[in-house]
Amino acid sequence: MYLDSSLSFYSALGDRKLKVPVRSLLNPFKAYKYVKEMNKRLASKNIEGNFKGEGLKQGGVIIFDKEGIVKYAYLEETGSVLPVADILNAVRAVGGEDDLSKNENSEL
């Protein structure tokens, strides 16, 4: 695990920021429903947020091998389920373990 205090990984992931679709501005009820559903999903997983820091930056996951070569990258898609099985398989591949995706059914 690596703490990126300088936010250089955000740059490596394209320095992407959360974008609000124009159509949701035209339909505030749809935007409210989207945010409410996302907050419900986060609460069900005991994930809490705050309004500190770079809340509009989109992150992701980068997995490197021992030589520092990128072996896997996932760009965050706000509101989407994290591909846990893919990430675990990438970590296992870097660590020399076999692909165990058929045994993984977890999602975040």
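Rules used in this analysis
Residues numbered from 1 in each chain as written. Predicted model: local features only at pLDDT ≥ 70, side-chain atom pairs only at ≥ 80, totals over all residues. Heavy atoms only, no water. Helix = DSSP H or I, 4+ residues; strand = E, 2+ residues; numbered from the N terminus. Contact = heavy atoms within 4.5 Å. Salt bridge = Lys/Arg side-chain N within 4 Å of Asp/Glu carboxyl O. Buried < 20%, exposed > 50% of the residue type's maximum accessible area, 1.4 Å probe, protein only. Pairing = 2+ DSSP bridges. Core = buried A, V, L, I, M, F, W, Y, C linked by side-chain atoms within 4.5 Å. Expected span 1.5 Å × (residues − 1). pLDDT = per-residue confidence, 0-100.

Colleague: So what about the environment of L18? Which residues, and what values?
Modeller: Take L18: it is sitting in the loop between α1 (8-12) and α2 (22-26). Taking the C-alpha atoms as reference, L18 lies 6.0 Å from Q58; in sequence the two are 40 residues apart. Apart from residues lying up to four places away in sequence, L18 is in contact with L56, Q58 and T78.

Colleague: Give a description of the pattern of salt bridges that names residues and reports values.
Modeller: Taken as a whole, this structure holds 1 salt bridge when the rule is applied. The partner of D65 in a salt bridge is K71, with the nearest N and O atoms 3.8 Å apart. D65 gets classed as buried once you look at its relative accessible area, which sits at 15%.

Colleague: Tell me about the pairing of strand β2 (residues 70-75), and please be specific about residues and values.
Modeller: With 5 bridges connecting them, strand β1 (residues 60-64) and β2 associate as antiparallel partners. Looking at β2, one finds that V61 is bridged to Y74. Linkage of β1 to β2, two consecutive antiparallel strands, is achieved through a turn of 5 residues, within which G68 is found at a positive phi near 85°.

Colleague: I'd love a proper account of the nonpolar core, names of residues and values included.
Modeller: Counting 5 residues, the largest nonpolar core is built from I63, Y72, Y74, I87 and A90. Residue assignment for this core shows that the elements contributing at least two residues are β2 and α4 (84-95). Those residues in contact with I87, other than ones at most four positions away along the chain, are V61, I63, Y72 and L82.

Colleague: Can you lay out the side chain of Q58 for me, pointing to particular residues and giving the numbers?
Modeller: Among the structural elements, Q58 can be located in the loop between α3 (28-44) and β1. In this structure Q58 comes out as buried when scored by relative accessible area, which is 11%. Look past the residues within four positions of Q58 in its chain and what remains in contact with it is Y10, R16, K17, L18, E76, E77 and T78.

Colleague: Lay out α4 in plain terms, naming residues and giving numbers.
Modeller: Look at α4: 16 Å from first C-alpha to last across 12 residues, which is about the 16 Å you get at 1.5 Å a residue. When we look at burial in α4, the residues that qualify are V84, A85, I87, N89, A90 and R92. Two residues or fewer past α4, G96 is found with a positive phi of approximately 90°.

Colleague: Please provide a residue-by-residue account of the confidence of the model for the protein, values included.
Modeller: Here the protein shows a mean pLDDT of 79. Residues at 70 or above account for 77%. Looking over the protein, one finds the lowest element-wise mean pLDDT in α2, namely 71, and the highest in α4, namely 94.

Colleague: Kindly report on unusual backbone geometry, identifying the contributing residues and their values.
Modeller: The backbone of L7 sits at a positive phi, close to 60°, despite the residue not being glycine. Among the secondary structure elements, L7 is positioned in the segment before α1. Judged by its relative accessible area of 30%, L7 falls in the partly exposed class. Positive phi outside glycine occurs at D15, with the angle close to 45°. With respect to the helices and strands, D15 occurs in the loop between α1 and α2.

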